[in-house]
Amino acid sequence: MKNNNRLIIVSYRLPFSFETASGSTTVKASAGGLVTAMKSLDFSEAREKPVWIGCADFSRRTWEKYQHLVNDDFEFVPVFLERKIQQNFYNGFSNSVLWPLFHYFPTYVDYQERDFVAYQKANETVSETVAAVVQPQDIVWVHDYHFMGLPKLIREKKPEATIGFFLHIPFPSYEILRILPYKVKEYLLTGLLGSDLIGFHTNDYNIHFLQSIQINLGVQHKIWKINYQDRLIQSDSFPVGINYSLYHDAYDNEDVIAEREALKNAYQDTKIIFSVDRLDYTKGVMQRLDALEAFFARYPEWIGRLTFILVVVPSRDEIQKYGERKVMIEQAVGRINGKYGTLIWRPIVYRYGSVPFPQLVALYTACDVALITPIRDGMNLVAKEFVATRKDHQGVLILSEMTGAANELSTALHINPMDENEVADKMKQALEMEPEEQARRIAIMQRRLKDYDVKKWANSFVESLLNMENTQHKDPTP
Ligand code: GDG
């Protein structure tokens, strides 16, 4: 897709950070899925560089001094929030209200009025920055739950703007949303309705959103079209994809081969089950450990013949619920290793920390089984990346039915993460699966991931947004 519109991305984080070591400062680009997706859009005919607006995790002074080091296809506009506002907006309302509630953990919600005030303030500040930057013909694409108020705030300042919003986490059922005070629901839902196009990973999330606006605001919709305040809005599902070729081709990368050989040598006497997630209660790590224990209890013939490599990546450690989780995981790992381990074998190899890309792909491609058991997950990219890397067409994916990815990865072994016996049985099935059957299942999933990769995702969202805008000018009735 080529077009002459300028793209303005708004996300909580900017895709780089400054690192200072031994007195010298460098810029480190981050390589998340969002960065890849945004870089894959073709805006080569646009008049100006695309712009990326996000909250700064560095000081204004650092930015003034080192911004010349940031050389990128994007122009970056950091927003500097007051420390207290930033804390209450991010750790408070975003990650202690919206995150747990939207992942169906209502008892983890810690609603504080001051945090909601900070969320509104942060959205307002960011909307002022967007309004100062946006010009006619620009496309504004807002990402994720930190900025649900933003589309409306931009629309108030720039009524003609073209605005898209994408939610990376689940949109929960109306019954869950109703736990929030009415003024909060109203703020979030009317906030989203400032968009022209609202995107979700799955149809279910979209339906939940449509039900919520109907029940809470009395706003009607028809076949994904919403008529609101004389504007036509569309909401639809756009399941995020991955950079398929990056992961698929990495199988033959020299560093990956070396790391894979090292892993296979280290665990040559056992099969390998593997998982990697951020430390988050939504990812179901405790349930996974319960299932492993159930597996050894049900199938003791596997004791000594299986290694579970558990990688947990630090995340949001300032929030109490995350710190508690780390202690729980480490106690369970210690207990299971103590109970089943021998002097020469440990059932669980645990790493708390991130691993570099070649090691991650080596783990994906050395393992016999990937065990992915979130209790809720908007999509889950790890499952998709694991499948994409298996150029050898081997390996079995066990995947929670509570992930958005389960819709697309139809030949994975689906499980309910709460049912430890079911997970244990599927682990046995996976470990004993014939190579031909593994290949058949992987090939089907790879076709889907290759066809609908991250480029397709980003392009189909932007194309729908542009078409939407045209439709609006032509005929504002659904
Ligand atoms: C949110 C939603 C949705 C992880 N550990 C390492 C590492 N990673 C990379 C993975 C993957 C990404 O981080 C994690 O993505 P997920 O999708 O699994 O999870 P969230 O961070 O919760 O993402 C989620 C996503 O947004 C996109 O919309 O799918 O549902 O919660 O790319 O590879 N990468 C490296 N080392 C690690 O240790 N190199």
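Above this text is the structure in question.
Each value, and the rule that gives it
- Residues numbered from 1 in each chain as written.
- Predicted model: local features only at pLDDT ≥ 70, side-chain atom pairs only at ≥ 80, totals over all residues.
- Heavy atoms only, no water.
- Helix = DSSP H or I, 4+ residues; strand = E, 2+ residues; numbered from the N terminus.
- Rg over C-alpha atoms; globule rule 2.2 N^0.38 Å.
- Contact = heavy atoms within 4.5 Å.
- Areas by Shrake-Rupley, 256 points an atom, 1.4 Å probe, with all protein chains shown as cover.
- Lys, Arg positive; Asp, Glu negative; His and termini not counted.
- Charge placed at Lys NZ, Arg CZ, Asp CG, Glu CD.
- Buried < 20%, exposed > 50% of the residue type's maximum accessible area, 1.4 Å probe, protein only.
- Polar contact = N/O pair within 3.5 Å; in protein donor to acceptor, adjacent residues only side chain to side chain.
- Near = heavy atom within 4 Å.
- Nonpolar A, V, L, I, M, F, W, Y, C, P; charged D, E, K, R; others polar.
- Pairing = 2+ DSSP bridges.
- Axes fitted to C-alpha atoms, helices over the stretch in contact; angles between N-to-C directions.
- Phe/Tyr/Trp six-rings, centres within 6.5 Å; stacked < 30°, edge-to-face > 60°.
- Lys NZ or Arg CZ within 6 Å of the ring centre and 35° of its normal.
- Salt bridge = Lys/Arg side-chain N within 4 Å of Asp/Glu carboxyl O.

Asks: If you had to explain the overall build of the protein chain to someone new, which residues and values would you point to?
Replies: Along the backbone of the protein chain there are 18 helices and 17 strands. A compact globule built from 478 residues would reach a C-alpha radius of gyration of about 23 Å, and the protein chain, at 23 Å, matches this within 12%. Counting only C-alpha atoms and orienting by the principal axes, one finds that the protein chain spans roughly 65 × 55 × 45 Å. In the protein chain, the share of contacts with a sequence separation of at least 24, taken over all contacts with a separation of at least 6, comes to 78%. If you sum the accessible surface of the protein chain, you get close to 20400 Å²; carbon and sulfur atoms cover 48% of it. Distance between charge centroids for the protein chain: 2 Å, based on 54 positive and 60 negative side chains.

Asks: Describe the environment of Glu437, naming the residues involved and giving the relevant values.
Replies: Within the element layout of this structure, Glu437 appears in helix 17 (residues 435-451). On the basis of relative accessible area, Glu437 is assigned to the partly exposed category, the value being 25%. Here the alpha-carbon distance between Glu437 and Gly395, two residues 42 residues apart in the chain, equals 9.9 Å. Side chain to side chain, Glu437 and Arg440 meet in a polar contact 3.0 Å long. Only 2.8 Å separates the side chain of Glu437 from the side chain of Arg441, close enough to count as a polar contact.

Asks: Account for helix 14 (residues 381-389), with residues named and values stated.
Replies: Taking burial as the measure, the nine residues of helix 14 include eight buried ones, the bulk of the element. Its side-chain oxygen placed 3.1 Å from the backbone nitrogen of Val382, Asn380 serves as the N-cap of helix 14.

Asks: How would you explain unusual backbone geometry if you had to name every residue and give the values?
Replies: Positive phi is not limited to glycine here, since Gln229 has a value of about 45°. As for its placement among the helices and strands, Gln229 is situated in the loop between strand 10 (225-228) and strand 11 (231-237). Unusually for a residue other than glycine, Asp230 sits at a positive phi of about 60°. For Asp230, a relative accessible area of 72% gives the class exposed.

Asks: Now, about the site of the ligand: what can you tell me, with residues and values included?
Replies: By nearness alone, 20 residues border the ligand, and His168, Val355, Asp377, Leu381 and Glu385 come closest of all. Here the ligand loses 79% of its free accessible area of 730 Å² to cover by the protein chains. Looking at side-chain class alone, the shell around the ligand contains 11 nonpolar, five polar and four charged residues.

Asks: Requested: an account of the sheet that holds strand 16 (residues 396-400), with residues and values cited.
Replies: Strand order in the open sheet formed by six strands is 14-13-12-15-16-17, and the pairing between neighbours is parallel. Of all strands in the sheet, those bounded by a partner on one side alone are strand 14 (348-352) and strand 17 (413-415). Taken pair by pair, the neighbouring strands of this sheet meet at an average axis angle of 20°, ignoring direction. Of the strands in this sheet, strand 13 (306-313) and strand 14 touch helix 12 (residues 320-340), which is tilted by about 155° from strand 14. Where helix 16 (residues 420-431) meets the sheet, its contacts fall on strand 12 (271-278), strand 13, strand 15 (369-372), strand 16 and strand 17, and the angle it forms with strand 17 comes to roughly 170°.

Asks: Now, about the packing of aromatic side chains: what can you tell me, with residues and values included?
Replies: A complete count under the given rule lists 40 aromatic pairs for this structure. For the ring pair Phe74 and Phe76, a centre distance of 6.3 Å and an interplane angle of 25° mean the geometry is stacked. The class of Phe74 is buried, set by a relative accessible area of 5%. An aromatic cluster is built from Phe16, Phe18, Trp52, Phe58, Trp63, Tyr66, Phe74, Phe76 and Phe80, whose rings are joined through pairwise contacts. Lys321 extends its terminal NZ or CZ atom over the ring of Tyr108, reaching a point 4.8 Å from the ring centre. Note that Arg376 overlies the ring of Tyr104, its terminal NZ or CZ placed 3.7 Å from the centroid.

Asks: Give me the lowdown on the pairing of strand 2 (residues 16-21), citing residues and values where you can.
Replies: A regular strand places its side chains so that they alternate between the two faces of the sheet. With six bridges joining them, strand 2 and strand 3 (residues 24-29) adopt antiparallel strand pairing. Bridge assignment links Thr20 to a residue of strand 3, and that residue is Thr25. Counting the residues between successive antiparallel strands, the hairpin from strand 2 to strand 3 contains two residues, one of them, Ser22, with a positive phi of roughly 45°.

Asks: Give me the pattern of salt bridges: which residues, what numbers.
Replies: Evaluation of the coordinates by the stated rule reveals 25 salt bridges. Linked by salt bridges that have partners in common, Arg6, Glu48 and Asp138 make up one network.

Asks: Help me get a handle on the side chain of Ser275, residues and values and all.
Replies: Note that Ser275 resides in strand 12. By relative accessible area, which is 2% here, Ser275 ends up buried. Reaching out from Ser275, the side chain makes a polar contact with the side chain of Arg288 at a distance of 2.7 Å. Residue contacts for Ser275: discarding those within four places in its chain leaves Arg288, Phe308, Ile309, Leu310, Val311 and Leu371.

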